[in-house]
Amino acid sequence: MELDPSAALRRRPDLVWVEVDDAVVVWDPERPAAHLLSTSGSLLWPLFDGSATAADLAADVAEVFHIEPALATEQVMEFAGSLIAEGLLEYADSEVPA
């Protein structure tokens, strides 16, 4: 499945997560598993609240970290895609674009 950069993404509502130092630990109650997010991933995690698209977040990353927008888009899309594959993120409207 290819990630739609114009779709808003949200954390699965049943996940439990906590910030620990510069990282975020996410607990998935459906599969007793913890996920440790990297420092950069931990910065994005709270922003996946359903109000912003992956493209919006990539634009913010490019501006804040002074990197090329194409690189920021690639990195945010890769990260969001991995979270979707792990079942931690979903489309805010709960429908996967065709």
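Asks: Before we go on, may I ask you to explain the overall build of the chain in this structure?
Replies: Of the regular secondary structure elements, the chain holds 3 helices and 6 strands. Going residue by residue from the N terminus, the α and β elements of the chain occur as β-β-β-β-α-β-α-α-β. Here the C-alpha radius of gyration of the chain, 13 Å, is about what a compact globule of 98 residues would show, namely 13 Å. Taken along its principal axes, the extent of the C-alpha atoms in the chain is 35 × 35 × 20 Å.

Asks: Sorry if this is basic, but what is going on with the sheet that holds strand β2 (residues 16–20) here?
Replies: Hydrogen bonds between backbone atoms are what pair the strands of a sheet, whose relative direction is either parallel or antiparallel. One open sheet holds the 3 strands; their spatial order is β2-β3-β4, and the pairing between them is antiparallel. For this open sheet the edge positions go to β2 and β4 (33–37), each flanked by a neighbour on one side alone. Neighbour to neighbour, the strand axes of the sheet diverge by 20° on average, direction disregarded. Bridge analysis of strand β3 (residues 23–28) against β4 gives 5 bridges, and the strand direction is antiparallel. By the bridge assignment for β4, Val26 is matched with His35.

Asks: I'm lost on the layout of surface pockets in this one. Help?
Replies: Which parts of space are left empty comes out when a probe the size of a water molecule is rolled across the atoms. Of the voids in this model, the largest pocket is the one considered here, and its volume is about 310 Å³. In this structure, the largest pocket is lined by 15 residues; those nearest its centre are Ser40, Leu43, Leu44, Val61 and Phe65. Of all the elements in the fold, those that place two or more residues in the lining of the largest pocket are α1 (39–44), α2 (54–65) and α3 (69–85). Among the elements that line the lining of the largest pocket, the one with the most residues is α2, at 5 residues. Across the lining of the largest pocket, the residue classes tally to 10 nonpolar, 4 polar and 1 charged.

Asks: Mind showing me how you'd approach the nonpolar core here?
Replies: When a protein is soluble and globular, its nonpolar side chains tend to lie buried together. Counting residues in hydrophobic clusters, the biggest one holds 26 residues, and the most contacted among them are Leu9, Trp45, Phe48, Leu83 and Leu89. Of all elements in the fold, only β3, α2, α3 and β6 (89–91) reach the threshold of two or more residues within this core. With 7 residues, the top contributor of residues to this core is α3.

Asks: Got a minute to help me understand the environment of Arg11 in this structure?
Replies: Structurally, Arg11 is set in strand β1 (residues 8–11). Remark: the alpha-carbon pair of Arg11 and Thr73, spanning 62 residues in sequence, is separated by 19 Å. A polar atom in the side chain of Arg11 sits 3.1 Å from the backbone oxygen of Trp45. Reaching out from Arg11, the side chain makes a polar contact with the backbone oxygen of Pro46 at a distance of 2.9 Å.

The rules we used
- Residues numbered from 1 in each chain as written.
- Predicted model: local features only at pLDDT ≥ 70, side-chain atom pairs only at ≥ 80, totals over all residues.
- Heavy atoms only, no water.
- Helix = DSSP H or I, 4+ residues; strand = E, 2+ residues; numbered from the N terminus.
- Rg over C-alpha atoms; globule rule 2.2 N^0.38 Å.
- Pairing = 2+ DSSP bridges.
- Axes fitted to C-alpha atoms, helices over the stretch in contact; angles between N-to-C directions.
- 1 Å grid on protein atoms, 1.4 Å probe; cavity = no way out; pocket = protein on both sides within 12 Å on 5 of 7 lines; lining within 4 Å.
- Points joined across faces, edges and corners; volume = space filled by probe spheres on them.
- Nonpolar A, V, L, I, M, F, W, Y, C, P; charged D, E, K, R; others polar.
- Core = buried A, V, L, I, M, F, W, Y, C linked by side-chain atoms within 4.5 Å.
- Buried < 20%, exposed > 50% of the residue type's maximum accessible area, 1.4 Å probe, protein only.
- Polar contact = N/O pair within 3.5 Å; in protein donor to acceptor, adjacent residues only side chain to side chain.

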